[in-house]
Amino acid sequence: MAVKIRLARGGAKKKPFYQVVVADERCPRDGRFIEKLGQYDPRQDQPLLNLKEDRALEWLNKGAQPTDTVRRLLRGAGVWAKFKAKEAAQA
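Now for a look at the structure at hand. From a predicted model like this one, the values you see are computed outputs, not experimental measurements. (Residues numbered from 1 in each chain as written. Predicted model: local features only at pLDDT ≥ 70, side-chain atom pairs only at ≥ 80, totals over all residues. Heavy atoms only, no water.)

Summing up its helical and strand segments, the protein chain has three helices and five strands in all. Counting from the amino terminus, the protein chain carries its helices and strands in the arrangement β-β-β-β-α-β-α-α. Over its C-alpha atoms the protein chain spans a radius of gyration of 13 Å, differing by no more than 12% from the 12 Å that the globule rule assigns to 91 residues. In terms of principal-axis extent, the alpha carbons of the protein chain reach across some 45 × 35 × 20 Å. Relative to its full complement of 91 residues, the protein chain shows a buried share of 32%. (Helix = DSSP H or I, 4+ residues; strand = E, 2+ residues; numbered from the N terminus. Rg over C-alpha atoms; globule rule 2.2 N^0.38 Å. Buried < 20%, exposed > 50% of the residue type's maximum accessible area, 1.4 Å probe, protein only.)

Here you go:
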């Protein structure tokens with residue numbers, strides 16, 4: 001079972017709101033997920049990102065693969081740098 005960290009869309013038409021979730025890659029985009037890691041609202045002046053950093057790092061360490069968009073969000077939040085630093089220290 002391949003696990004992905006990805007966005008699940010919510011909100012009304014033309015007013016998107018996203019949840020950052022951990023899900024099996026075979027499940028549909030807005031379908032069943034394993035765990036909710038946070039929220040992303042791109043419509044604000046400064047896009048809002050609420051993220052459980054400790055849980056995101058734990059899933060990354062377990063081997064969950066983020067999508068390109070989620071990887072960009074993780075970089076902006078500084079989580080990706082922490083993950084890579086920990087990965088380099090273990091090697």
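Okay, the nonpolar core next. Judged by nonpolar contacts, the single largest core of 17 residues is most densely connected at I5, L37, W59 and L60. Among the elements of the structure, β1 (3–12), β2 (15–24), β3 (35–41), α1 (53–62), α2 (68–77) and α3 (79–90) are those that each provide at least two residues to this core. Not counting the four nearest positions on each side in its chain, I5 is found in contact with V20, V21, V22, L37, W59, L60, A64, Q65, P66, T67 and V70. (Core = buried A, V, L, I, M, F, W, Y, C linked by side-chain atoms within 4.5 Å. Contact = heavy atoms within 4.5 Å.)

The next thing to look at is the pairing of strand β4 (residues 48–51). Pairing of β3 with β4 involves four bridges; the strand directions are antiparallel. Across the sheet, the residue bridging to G38 is L51, located in β4. The turn linking β3 back onto β4 is made up of six residues. (Pairing = 2+ DSSP bridges.)

With that settled, the discussion passes to the sheet that holds β2. One open sheet holds the five strands; their spatial order is β4-β3-β2-β1-β5, and the pairing between them is mixed. Each edge of the open sheet is held by one strand with a lone partner, namely β4 and β5 (65–66). In this fold α1 packs onto β1, β2, β3, β4 and β5, with an angle of close to 120° to the strand it touches most, β3. (Axes fitted to C-alpha atoms, helices over the stretch in contact; angles between N-to-C directions.)

Moving on to the packing of aromatic side chains. Taken as a whole and judged by the stated rule, the model has two aromatic pairs. Above the plane of the ring of W59 lies K62, whose end atom (NZ or CZ) is 4.7 Å from the centre. (Phe/Tyr/Trp six-rings, centres within 6.5 Å; stacked < 30°, edge-to-face > 60°. Lys NZ or Arg CZ within 6 Å of the ring centre and 35° of its normal.)

As a further point, take the environment of A23. Relative to the assigned elements, A23 resides in strand β2. Note: C-alpha distance between A23 and I5 (18 residues apart in sequence) is 6.4 Å. Discounting chain neighbours no more than four positions away, the residues touching A23 are A2, V3, K4, R6, R32, F33 and I34.

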